[in-house]
Amino acid sequence: MADLQFRNVPDALHERLRRYARESNCSMREAVLNAIEKELARWEWERNLAQRPETDIGADVSALLEEERSRRDNEIG
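In this text the structure is predicted, and so the values were computed from the model without any measurement. (Residues numbered from 1 in each chain as written. Predicted model: local features only at pLDDT ≥ 70, side-chain atom pairs only at ≥ 80, totals over all residues. Heavy atoms only, no water.)

## Re helix α1 (residues 11-23)
Okay, step 1: The terminal C-alpha atoms of α1, which comprises 13 residues, lie 18 Å apart, in line with the 18 Å expected from a rise of 1.5 Å per residue.
Okay, step 2: One or two positions beyond α1, positive phi appears at N25, with a value near 55°. (Helix = DSSP H or I, 4+ residues; strand = E, 2+ residues; numbered from the N terminus. Expected span 1.5 Å × (residues − 1).)

## Points about a nonpolar patch on the surface
Okay, step 1: The grouping of L4, F6, L33, I36, L40 and W43 at the surface amounts to a nonpolar patch, some 610 Å² of accessible area in total.
Okay, step 2: Turning to its location among the elements, F6 is positioned in the segment before α1. (Patch = residues over 30% accessible without salt bridge, like charges linked within 9 Å, V, L, I, M, F, W, Y side chains within 5 Å. Areas by Shrake-Rupley, 256 points an atom, 1.4 Å probe, with all protein chains shown as cover. Salt bridge = Lys/Arg side-chain N within 4 Å of Asp/Glu carboxyl O.)

## Some details on the pattern of salt bridges
Okay, step 1: Inspection of the entire model under this criterion finds six salt bridges.
Okay, step 2: With a closest N to O distance of 2.1 Å, R71 and E68 form a salt bridge. A residue pair is termed a helical-turn pair when its members lie 3 or 4 positions apart in one helix, as R71 and E68 do in helix α3 (residues 61-76) at three residues.
Okay, step 3: Classification of R71 as partly exposed rests on a relative accessible area of 38%.
Okay, step 4: Within this structure, E39, R42 and E46 form a network of salt bridges that share partners. (Buried < 20%, exposed > 50% of the residue type's maximum accessible area, 1.4 Å probe, protein only.)

## Observations concerning the packing of aromatic side chains
Okay, step 1: Enumeration according to the criterion identifies zero aromatic pairs in this entry.
Okay, step 2: In this arrangement the basic side chain of R47 is found over the ring face of W43, its NZ or CZ atom lying 4.7 Å from the centre. (Phe/Tyr/Trp six-rings, centres within 6.5 Å; stacked < 30°, edge-to-face > 60°. Lys NZ or Arg CZ within 6 Å of the ring centre and 35° of its normal.)

## Some remarks on the packing of α1 against helix α2 (residues 28-51)
Okay, step 1: It is the contact of α1 with α2, at a shortest axis distance of 9 Å, that shows an interaxial angle of 105°. Comparing their axes, α2 and α1 come out roughly perpendicular. Judged by residue contacts, H14, L17, R18, Y20 and A21 of α1 engage M28, A31, V32, N34 and K38 from α2.
Okay, step 2: Of the residues assigned to the contact of α1 with α2, the class counts are six nonpolar, two polar and two charged. (Axes fitted to C-alpha atoms, helices over the stretch in contact; angles between N-to-C directions. Parallel < 35°, antiparallel > 145°, perpendicular 65-115°, else oblique. Contact = heavy atoms within 4.5 Å. Nonpolar A, V, L, I, M, F, W, Y, C, P; charged D, E, K, R; others polar.)

## Here's the deal with unusual backbone geometry
Okay, step 1: Despite not being glycine, N8 has its phi angle at roughly 55°, a positive value.
Okay, step 2: In this structure, N8 sits in the segment before α1.
Okay, step 3: Residue N25 is not a glycine yet carries a positive backbone phi of 55°.
Okay, step 4: Secondary-structure assignment places N25 in the loop between α1 and α2.

What follows is the structure, encoded as structure tokens:
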């Protein structure tokens, strides 16, 4: 396993990490690794999404949502 060392971490960020670790009941090491993992997963997801071709469903999505909301509201009320 490789080592990674951080220097000159801004005090505010360090405090946020410390608070996150304490509230998550984990070590600072685990908190930092979790944060890095989440950010990399988000980055990979966005990259993969950007590579997907657009899908044309043949209708305006906002209109479909409005129709569904109206249908649901009529069933409830």
